[in-house]
Structures are given as C-alpha cells and as structure tokens.
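# Inside the fold
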Amino acid sequence: MIFNLNGEKSYLIHLELENAQSDINSMINFLVNKRKWSCIYICVNKSYKIIKKKFEKNGYNMEMFFFIDAIEEEPKEKIKNVHFVSSPSALTKIALSINQIIQQVQNKCFIFIDSLEELSIYNNPDILTKFIRSVIITATKYDVKSLILTHGGEEALINNISHLFDKIIKVD
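The following refers to the structure shown. (Residues numbered from 1 in each chain as written. Predicted model: local features only at pLDDT ≥ 70, side-chain atom pairs only at ≥ 80, totals over all residues. Heavy atoms only, no water.)

### Focus on the environment of S10
As for its placement among the helices and strands, S10 is situated in strand β1 (residues 10-15). Under the relative-accessibility criterion, S10 is labelled buried at 1%. With 92 residues separating them in the primary sequence, S10 and I102 have C-alpha atoms 15 Å apart. There is a polar contact of 2.9 Å between the side chain of S10 and the backbone nitrogen of D166. (Helix = DSSP H or I, 4+ residues; strand = E, 2+ residues; numbered from the N terminus. Buried < 20%, exposed > 50% of the residue type's maximum accessible area, 1.4 Å probe, protein only. Polar contact = N/O pair within 3.5 Å; in protein donor to acceptor, adjacent residues only side chain to side chain.)

### Observations regarding the nonpolar core
In terms of nonpolar packing, the biggest core is built from 34 residues, with I111, L116, F131 and I132 touching the most fellow members. Taken together, the elements giving at least two residues each to this core come down to β2 (38-43), β3 (65-69), α3 (91-104), β5 (109-113), α4 (116-122), α5 (125-141) and α6 (155-161). The next biggest cluster of nonpolar side chains, apart from the first, holds 29 residues, and it includes M27, C43, Y60 and L149. (Core = buried A, V, L, I, M, F, W, Y, C linked by side-chain atoms within 4.5 Å.)

### Focus on unusual backbone geometry
In this structure, K36 takes a positive phi of about 65° despite not being glycine. Its place among the elements puts K36 in the loop between α1 (20-34) and β2. Phi is positive for N81, which is not a glycine, with a value near 65°. N81 gets classed as buried once you look at its relative accessible area, which sits at 17%.

### Brief notes about the state of the cysteines
Within the structure shown, the criterion is met by zero disulfides. Looking at the unpaired C43, the closest cysteine sulfur is the one in C39, lying at 8.8 Å. Residue classification places C43 among the buried positions, given a relative accessible area of 0%. Here C109 is not disulfide-linked; the sulfur of C39 is the nearest cysteine sulfur, at 8.7 Å. (Disulfide = S-S within 2.5 Å.)

On their own, these measurements won't tell you what the molecule is for.
Right, dumping it as structure tokens:
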C-alpha cells in the first residue's frame, strides 16, 4: 500500500474488512518506522494491550505510541503513554486526552482512530460529528495529521462528515 501524507491534515480512510489489519500495519509502519512520527492511537475497537502486542511483534518502537484506551478499565497503577477513558462514548475525555498528549509529544505525530463504526455504536451521529470536527480542528491547530478509519458501514454518518476531511482515501 502506497501511503502519502503530503499537504493535507485530515484523512478519512475506507478499508476493506478482509485487508484492514494488513493495511493498518502498512500505514503504521510507514508513519512510525519510516517517517519517525509518534502515533496517538485511539482504541475503540480493541484494547491497547492487544494492539501493543501486535505492534511489538512487528518490531515497532513502542516509545512512539500514545494510547487512549476506551475499552479496558483503568488499572490502579499508571501506565506510561496510556490514557484510559470509561468508554467509546466518553468523547469529551477522549478529546481532552488527545490535547494532553499532543502537548507532550516532542516530534511530529498523527492521531489514529481505528474504527468510525465502533464509535457510531456508542454515540449519536450529531455528537459524533461534533467530536470528529473537534479532532480535526485540534489536529490542524497543532500541525498534527488525523487518520480516521472506516469500513464504510455507516453511510449516513460518512456522508455527514466527509466534507470535514481534506482527503478521503479508498483502499481496495
């Protein structure tokens, strides 16, 4: 998968379900390993532990990752580079965590939301649209790229938010 992020700040990326994991790995590899960008990974589909384990298997430098986990319950002990929020419906807390992380990252970074469909299960479309707009505005303000993945399942929502993105990429 050839992946170019020159110029634009916000991307809505349509992935086919059967190739999604491979395409995600290609994107992450390109941005983290090749470009040396940090990743703010918003976990709404799988917990940070599962994602971290896969990334470690692929040899990614885990110091480059900051996770916002909306799946797993917050442990008593603080975990480096992991923010926990109560659920995928805690959009305000997710947005606050994004802001905190952006301000502590020293190098270029990108925001990665792994599943628009998963967020749509927990949030009404109007609130989710406002959240996506907020993420894009925050990313643009801090010169950060935003990549939001979809599998095309929520056509009404996608039609409602597609104008917010600088670029829409369909990966076959």
